Amino acid sequence: MSNVRVRFAPSPTGYLHIGGLRTALYDYLYAKQLGGNYILRIEDTDRNRFVDDAMKNLIESLTWAGVVHDEGVFLNEAGEIVQKGEYGPYIQSERLEIYKEHLDRLIESGHAYPCFCSKERLETVREQQRASNEMMKYDGHCRSLSKEEIDARMAAGEEYVVRLRMPENVDIAFDDTIRGHVSINSDDVDDQVLMKSDGFPTYHLAAVVDDHLMEITHVVRGEEWLVSTPKHIYLNECFGWEAPQYVHLPTVLNKEKKKLSKRHGDVAVGDFKKKGYTKEGLINYLALVGWSPEGDQEIFSMEELIAAFDFARVSKAGGVFDVDKLNWVNAQHIRKMSVSELTDLCAPYLIGAGKITEADLAERRPWLERLISTVQERIEVLSEVVERSDLYFREEVIPETPEVEEMLRSEGVPVLIGAIRTELAQVEAIDDEFMKGFFKRIQKATGLKGKNLFMPSRAMITGQLHGPDMAAVFVVMGREGIEMRLNFVEENFTK
Ligand code: GLU
């Protein structure tokens, strides 16, 4: 096992964003490729944003997608949160003592200082900076309070935060795997709050401390954190630690090149799952949002992604999330699936729509699988199974277009009905064997051929002009089903 250790560190604010899943995926692919460890850490120190059950939801989404961590926070069989690994706890709110200790070290060494400024004062400073077009940052008001004053104000119970003391006019530089060399002058960096007045650390302190203590080698995260990284580099320096390698991923954008957000449609992994994206399809597509594989292969299994993935081929520019492409990729994975697996995945949609029952699932499995096999090539997302298989569940033949209706009223139809009935009279049940040569026999009996045979036949049975293979449709509908439809057409269109 290599010493590569990467972490996905979401905040439990409600649900797993599709961009978050991509970050987790890249973490996972990289760790697996190098035989390293992928860790799930929960960053829940922002109590204002805390959402109940969000942690569970995150883990469920990641597990569903097959982006499963080696260490960190898991759900046990009873659905309870458990932690596994030697670097725990992996939930930041359970590590407050650790942050406190590290914060004290920074205060002692003079790298951090308490700040008693009120919200109002900070707002006034900001207003002034805004008015004079200066960079908005803390003005250093509490930077040089004496030890006595600090002690006295703390003893008096005044509220305070603790800030990082950025040095004056030094360049802070690092090499990002994707962005390359990044350098910023410390004068352009704010004195970051490390501990809030509620005693909780901010993300910045907690993440840096944890990344070090958990021996994280690569920090892979969204590029919105790039501006914070100089603070993280400097914090590592203050502690005398070597900073991990930073890898800032391009943002996932919508078609308008804006950050993919809830306002413009689905962003939660759970929503994609509900719509009927398969985990294989979603993962395959997400891998391609930002990363371009060598060669022209587009359809990848997870194993293939692990082998092919390369940060060197992740672009700096944002990756556009294209739903049409996602649908296409998803359809490819649906086609590759075994019918049995696809049946399991489609069944909940059919049950939900009232087309089949739980009992059918057990008792009519071969029939259901046969039905599913006829739509396998025709759906892009699983939920489409309901619409695509509707022809099997409708007892009436409803012409899809006036053209179909015209066809049902045409002269050849009664002849065709007669011939099909004669054929059906010879068997108990319709099976593949019987369907072999079926249309040849009908052709012989009616003299109709090609389009003139197949189009009206399909129209009579399904009310449509296009659809699954007719022999398969006969098998799925069964003798009674076909006879019922022939009777319906005879009653309603030929008289
Ligand atoms: N908790 C941060 C987030 O949810 C993690 C950022 C990081 O990976 O450092 O975006």
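Just so we're clear, the structure is a prediction, and the values are computed from it rather than from any experiment.

### Remarks on the overall build of the protein chain
What the protein chain contains, in helices and strands, is 22 helices and 13 strands. Taken over the C-alpha trace, the protein chain has a radius of gyration of 32 Å; the compact-globule value for 495 residues is 23 Å, which it surpasses by more than 25%. Overall, the protein chain is about 105 × 50 × 45 Å in size when its C-alpha atoms are taken along their principal axes. Relative to its 495 residues, the protein chain shows a buried fraction of 48%. Long-range contacts, defined as pairs at least 24 residues apart, comprise 73% of the intrachain contacts of the protein chain with a sequence gap of at least 6. With an accessible surface of roughly 24000 Å², the protein chain has 48% of that area assigned to carbon and sulfur atoms. Between the averaged position of the 60 positive side-chain charges in the protein chain and that of its 83 negative side-chain charges there is a distance of 4 Å.

### A closer look at the pattern of salt bridges
Under the counting rule described, the total for this entry stands at 32 salt bridges. For Glu-405, the salt bridge goes to Arg-409, with nearest N and O atoms at 2.8 Å. Taking relative accessible area as the criterion, Glu-405 reaches 30% and is therefore assigned partly exposed. Here the salt bridges share partners, and the residues they tie into one network are Arg-7, Arg-41, Glu-43, Arg-95, Asp-210 and Asp-211.

### Section: the sheet that holds strand β5 (residues 112-115)
Judged by pairing direction, the sheet is antiparallel, and its 3 strands sit side by side in the order β5-β6-β9 without closing on themselves. Every other strand in the sheet has two partners, leaving β5 and β9 (193-195) as the edge strands with one partner each. The sheet shows a mean angle of 45° between the axes of neighbouring strands, taken without regard to direction. Note: β5 against strand β6 (residues 161-164), 4 bridges, orientation antiparallel. Along β6, the bridge assignment pairs Pro-114 with Val-162.

### Considering the site of the ligand
Every residue close to the ligand is listed here: Arg-7, Ala-9, Pro-10, Ser-11, Glu-43, Tyr-203, Arg-221 and Trp-225. In this structure, a nitrogen atom belonging to the ligand sits 3.1 Å away from a side-chain N or O atom of Ser-11. The contact in question runs from an oxygen atom of the ligand to an N or O atom on the side chain of Trp-225, over 3.2 Å. For the ligand, the accessible surface in isolation is 300 Å², of which the surrounding protein chains cover 83%. Each residue belonging to the shell around the ligand can be placed in one class, and the counts come to 4 nonpolar, 1 polar and 3 charged.

### What to know about the nonpolar core
If you look at the biggest cluster of nonpolar residues, it comprises 85 residues, and the most contacted ones within it are Leu-21, Val-67, Phe-311 and Phe-321. Of all the elements, helix α1 (residues 18-33) adds the most residues to this core, at 9 residues. Phe-321 has contacts with Ile-18, Val-252, Leu-253, Lys-255, Leu-260, Phe-272, Tyr-285, Leu-286, Val-289 and Leu-326, leaving out every residue within four places of it along the chain. In terms of nonpolar packing, the next biggest core, distinct from the first, is built from 48 residues, Ile-334, Met-477, Leu-486 and Phe-493 among them.

### Remarks on the pairing of strand β2 (residues 37-40)
Residues Asn-37 and Ile-39 point to one face of β2 and Tyr-38 and Leu-40 to the other, with burial holding for every one of them. When strand β1 (residues 5-8) meets β2, the two strands line up parallel, connected through 4 bridges. Bridge pairing in β2 links Val-6 to Tyr-38. In this view, the connection linking β1 to its parallel neighbour β2 by way of α1 has right-handed handedness.

### Observations regarding the side chain of Gln-192
On the secondary structure map, Gln-192 appears in the loop between β8 (180-185) and β9. In this structure Gln-192 comes out as buried when scored by relative accessible area, which is 14%. Those residues in contact with Gln-192 that sit more than four places away from it in its chain are Val-162, Arg-163, Leu-164, His-204 and Lys-231.

### Describing the environment of Leu-326
Looking at where Leu-326 falls in the secondary structure, it is placed in helix α11 (residues 323-336). The exposure class of Leu-326 is buried, given its relative accessible area of 0%. Residues Leu-326 and Val-381, spaced 55 residues apart in sequence, show a C-alpha to C-alpha distance of 9.7 Å. Sequence-distant contacts of Leu-326, that is, excluding residues within four places in its chain, are made with Phe-272, Tyr-277, Gly-281, Leu-282, Tyr-285 and Phe-321.

### Overview of the state of the cysteines
A complete count under the given rule lists 0 disulfides for this structure. No disulfide involves Cys-238; its sulfur sits 17 Å from the nearest other cysteine sulfur, which is in Cys-115.

### Digging into unusual backbone geometry
Following Gly-88, the chain continues into Pro-89 via a peptide bond in cis, with omega recorded as -5°. Structurally, Pro-89 is set in the loop between β4 (81-84) and α3 (96-108). Located in the positive-phi region is Asn-133, a residue other than glycine, with phi close to 55°. Inspection of the secondary structure assignment puts Asn-133 in the loop between α4 (119-131) and α5 (147-155). Despite not being glycine, Lys-257 has its phi angle at roughly 65°, a positive value. According to the relative accessible area criterion, Lys-257 is exposed, its value standing at 58%.

### Concerning the packing of aromatic side chains
Going through the model one piece at a time under the given rule, you end up with 20 aromatic pairs. Both rings, one in Phe-272 and one in Phe-321, keep their centres 5.7 Å apart while their planes meet at 70°; by these two values the pair is edge-to-face. Placement of the pair is Phe-272 in helix α8 (residues 269-275) and Phe-321 in the loop between β13 (319-320) and α11, with a sequence separation of 49 residues. This pair shows no difference in class: Phe-272 is buried, exactly as Phe-321 is. The ring of Phe-74 carries Lys-84 above its face, with NZ or CZ at 4.3 Å from the centroid. Taking NZ or CZ as reference, Arg-163 lies 3.7 Å from the ring centre of Tyr-138, over its face.

Cut-offs used in this document
- Residues numbered from 1 in each chain as written.
- Predicted model: local features only at pLDDT ≥ 70, side-chain atom pairs only at ≥ 80, totals over all residues.
- Heavy atoms only, no water.
- Helix = DSSP H or I, 4+ residues; strand = E, 2+ residues; numbered from the N terminus.
- Rg over C-alpha atoms; globule rule 2.2 N^0.38 Å.
- Buried < 20%, exposed > 50% of the residue type's maximum accessible area, 1.4 Å probe, protein only.
- Contact = heavy atoms within 4.5 Å.
- Areas by Shrake-Rupley, 256 points an atom, 1.4 Å probe, with all protein chains shown as cover.
- Lys, Arg positive; Asp, Glu negative; His and termini not counted.
- Charge placed at Lys NZ, Arg CZ, Asp CG, Glu CD.
- Salt bridge = Lys/Arg side-chain N within 4 Å of Asp/Glu carboxyl O.
- Pairing = 2+ DSSP bridges.
- Axes fitted to C-alpha atoms, helices over the stretch in contact; angles between N-to-C directions.
- Near = heavy atom within 4 Å.
- Polar contact = N/O pair within 3.5 Å; in protein donor to acceptor, adjacent residues only side chain to side chain.
- Nonpolar A, V, L, I, M, F, W, Y, C, P; charged D, E, K, R; others polar.
- Core = buried A, V, L, I, M, F, W, Y, C linked by side-chain atoms within 4.5 Å.
- Right-handed = clockwise from strand over helix to strand, strands pointing away.
- Disulfide = S-S within 2.5 Å.
- Phe/Tyr/Trp six-rings, centres within 6.5 Å; stacked < 30°, edge-to-face > 60°.
- Lys NZ or Arg CZ within 6 Å of the ring centre and 35° of its normal.

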